[in-house]
Amino acid sequence: MEIYGMTVEYTEEPVAVDTFVPRFGWKLRSSERGQAQAAYSVTVKEASGDICWDSGKKRSSQSVDILYAGSRLKACTRYLWCVTVWDSSGRKWRGSQQCFWTGKLGTEWDGAKWIGNKDDDISVPYLRKTFLIKKEILSARLYISGIGINYAYINGKKVGDAVLDPANTNYEKTILYSVFDVTELVAYGKNAVAVELGRGFYDIYEETPWNWNRASWKDNPKLLLELKVDLVDGISVNIVSDTSWKIWSDGPVTYNSIYFGEHYDARKEQTMLGWTESSFDDSGWTNADELKAPRGILTAQLMPPMRVVRQHVPVSVEKRDGMWFFDFGRQIAGWVSFTVRGLAGTELIFISAEKRTNGTIGLCTWALNDTDGYPCIGRYITKGAEAETFTPKYNYKGFRYIGILGLPAGTVPNINDLIAEEVRSDVKVIGAFNCSNALFNQIHANVVRTIGNNLHGKPTDTPTYEKNGWTGDANVSLDCIFLNYDAQIFMEKYYNDITDSMCADCLLYTSDAADD
């Protein structure tokens, strides 16, 4: 019998377990018929070898939701664990040793402050800090909460592959933070850590039917960060967010909205070339402002983050009425990456649509802010490089068609100049269906795609318009979600959203993250 799929909090080797009573689980497989677990034993120890918990031999077939019952777990600590199982004949099998890290577990962030730009500004704030490491590095871990959206870099390299991180919550109750092992990114000598912040759902100021712009938590984007570097001599160096950080707010992202799109002026890149590197001259930048801390409780984001999970190329491209139309042949939730050549100071407008009407882009007949039209528009001003590529990262949309306005007369785009990137919470696909009826197979494929297009930190109703976590939509989709996706932790986050949005009299809102 083989033990595999060992998990803590339904996650293989998680980096931020933020509970004192984590749940352990594992799977079994065997080439013998009728094999089954009759007993198990779980042991947990610190990296030093000190035993924290030995469950002893438990006569049970249970292999999920095994609750930790050992000594109190320490924050930000690496633990090793293993499971042994017996069958009814007394034969024994031992799984491979696995590890997990605890999160902050409610402890302080070593003096870190929430920082950002105190001025109300629709552009993206860029923050950076340099620091010195004078001894050999053992390990380094980054703890970061940047709301609404953050992208972090160390020495010019992006930290992790998450996008639109962290998932939105009711910020009055819960603030999510992420943890990364950045040992390979931190170096001996001079280093730089840099972060850019988007507005996401935290700072929506455009009018919407759900009053996101009047949410009680609404404030400027802000950053809380702790970079812990452990040295081989046992000493730790902690770099935290504070007003010694440098900030710049006149970068290329001049506007960003989770609903209404992103505007990017590539000409502004020139003054920021290498801004994530340790060698960058930030003497012209100002010091960051300390901002008011949000009221929500900091909690580790354990569910899979949103990522680019797949790329798609167009199936056709044509020009009609001055607009270039790219057809991807299917509905996609995400964004497009576009490459343009030889233009300078040209504004390109990107319009997304789920359908075409009379041969042209189908106008949205649903009013997002009492104005019919395109709900999500990208604008890009070229810098005139031989080849330049624009990939938005502060909003996503649902589309099959992309229309581009602004290409000069005589410019013919290549069909491969536009690549669609499918973005969703990266939960694993675990279900499959196949039968002799092609129609049934296609229906199932459509259902799986539709669900995937609506997994963005919560189960949503549509990636095109509302992007809300309506309880009705989630309720009718639960069976399909769990049969096709490994969504346990994803849905637990959503249940927490609903709990956070509960009224004082215990009545529930019809949507997650509602502001009370």
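From a predicted model like this one, the values you see are computed outputs, not experimental measurements.

A. The arrangement of the side chain of S178 in detail. Residue position: S178 is located in strand β14 (residues 174-181). Take S178: its relative accessible area is 7%, and that puts it in the buried class. A polar contact is formed between the side chain of S178 and the side chain of D165, at a distance of 2.9 Å. Residues contacting S178, with those up to four places away along its chain left out, are L142, Y143, I144, D165 and Q301.

B. Layout of the sheet that holds strand β5 (residues 66-67). Strand order across the open sheet formed by three strands is β1-β2-β5, with antiparallel pairing between neighbours. Each edge of the sheet is formed by a strand with only one pairing partner; in this case those strands are β1 (2-8) and β5. Direction of pairing for β1 relative to strand β2 (residues 23-29): antiparallel, over a ladder of five bridges. Directly across from I3, in β2, lies its bridge partner L28.

C. Main features of a positive patch on the surface. On the surface, a cluster of positive charge is contributed by K57, R59, K92 and R94. As for its placement among the helices and strands, R59 is situated in the loop between β4 (51-54) and β5.

D. Local environment of the state of the cysteines. In total, this model carries zero disulfides according to the counting rule given. Of all cysteine sulfurs in the structure, the one in C99 sits closest to C76, which takes part in no disulfide; the separation is 15 Å. No disulfide involves C99; its nearest neighbouring cysteine sulfur is the one of C82, lying 12 Å away. Owing to a relative accessible area of 14%, C99 belongs among the buried residues under this scheme.

E. Region of the structure containing the packing of helix α1 (residues 438-452) against helix α2 (residues 471-484). In the contact formed by α1 and α2, the axes pass within 10 Å of each other and the chain directions differ by 95°. Of the possible angle classes, the one that applies to α1 and α2 is roughly perpendicular. Contacts from H444, V447, V448 and I451 of α1 reach α2 at C480, I481 and N484. A breakdown of the residues in the contact of α1 with α2 according to their chemical character gives five nonpolar, two polar and no charged.

F. A look at the pairing of strand β16 (residues 222-231). Along β16, nine of the 10 residues are buried, which leaves the element largely enclosed by surrounding structure. The sheet contact formed by strand β9 (residues 115-116) and β16 spans two bridges and is antiparallel. Within β16, the position partnered with G116 by the bridge is K222. The pairing of strand β11 (residues 137-147) with β16 spans 10 bridges and is classified as antiparallel. Note that in β16 the partner of I137 across the bridge is L231. When β16 meets strand β17 (residues 236-240), the two strands line up antiparallel, connected through five bridges. The partner of L227 across the bridge, within β17, is I239. In this antiparallel pair of consecutive strands, β16 and β17, the connection spans four residues, and G234 shows a positive phi of 90°.

G. Quick look at the packing of aromatic side chains. By the definition in use, this model includes 28 aromatic pairs. Taking the centre distance of 5.4 Å and the plane angle of 20° together, the rings of Y79 and F100 count as stacked. Remark: F100 occurs in strand β8 (residues 98-101) and Y79 occurs in strand β6 (residues 78-86); sequence separation between them is 21 residues. Accessibility expressed as a relative area gives 0% for Y79, which makes it buried. By relative accessible area, F100 is classed as buried at 0%. On the basis of an interplanar angle of 70° and a centroid distance of 5.4 Å, the ring pair of F338 and F350 is categorised as edge-to-face. Linking F338 in strand β26 (residues 323-340) with F350 in strand β27 (residues 344-353), this pair joins segments that are 12 residues apart in sequence. Assigned by exposure class, F338 and F350 land together as buried. A connected cluster of aromatic rings, assembled from ring pairs, spans Y171, F201, Y202, W210, W212, W217 and Y259. Here the basic side chain of K57 rests over the ring of W86, its NZ or CZ set 4.5 Å away from the ring centre. Cation over ring: K104 sits above Y143, and NZ or CZ is 4.9 Å from the ring centre.

H. Seen up close, unusual backbone geometry. The omega angle of the peptide bond from I147 to G148 is 0°, so this bond is cis rather than trans. Inspection of the secondary structure assignment puts G148 in the loop between β11 and β12 (149-154). You will see that D110, though not glycine, has its phi angle at about 55°, which is positive. Along the chain, D110 turns up in the loop between β8 and β9. The residue N211 is not glycine, and still its phi comes out positive at about 60°. As for its position among the elements, N211 is in the loop between β15 (189-198) and β16.

Calculation rules
Residues numbered from 1 in each chain as written. Predicted model: local features only at pLDDT ≥ 70, side-chain atom pairs only at ≥ 80, totals over all residues. Heavy atoms only, no water. Helix = DSSP H or I, 4+ residues; strand = E, 2+ residues; numbered from the N terminus. Buried < 20%, exposed > 50% of the residue type's maximum accessible area, 1.4 Å probe, protein only. Polar contact = N/O pair within 3.5 Å; in protein donor to acceptor, adjacent residues only side chain to side chain. Contact = heavy atoms within 4.5 Å. Pairing = 2+ DSSP bridges. Patch = residues over 30% accessible without salt bridge, like charges linked within 9 Å, V, L, I, M, F, W, Y side chains within 5 Å. Areas by Shrake-Rupley, 256 points an atom, 1.4 Å probe, with all protein chains shown as cover. Salt bridge = Lys/Arg side-chain N within 4 Å of Asp/Glu carboxyl O. Lys, Arg positive; Asp, Glu negative; His and termini not counted. Charge placed at Lys NZ, Arg CZ, Asp CG, Glu CD. Disulfide = S-S within 2.5 Å. Axes fitted to C-alpha atoms, helices over the stretch in contact; angles between N-to-C directions. Parallel < 35°, antiparallel > 145°, perpendicular 65-115°, else oblique. Nonpolar A, V, L, I, M, F, W, Y, C, P; charged D, E, K, R; others polar. Phe/Tyr/Trp six-rings, centres within 6.5 Å; stacked < 30°, edge-to-face > 60°. Lys NZ or Arg CZ within 6 Å of the ring centre and 35° of its normal.

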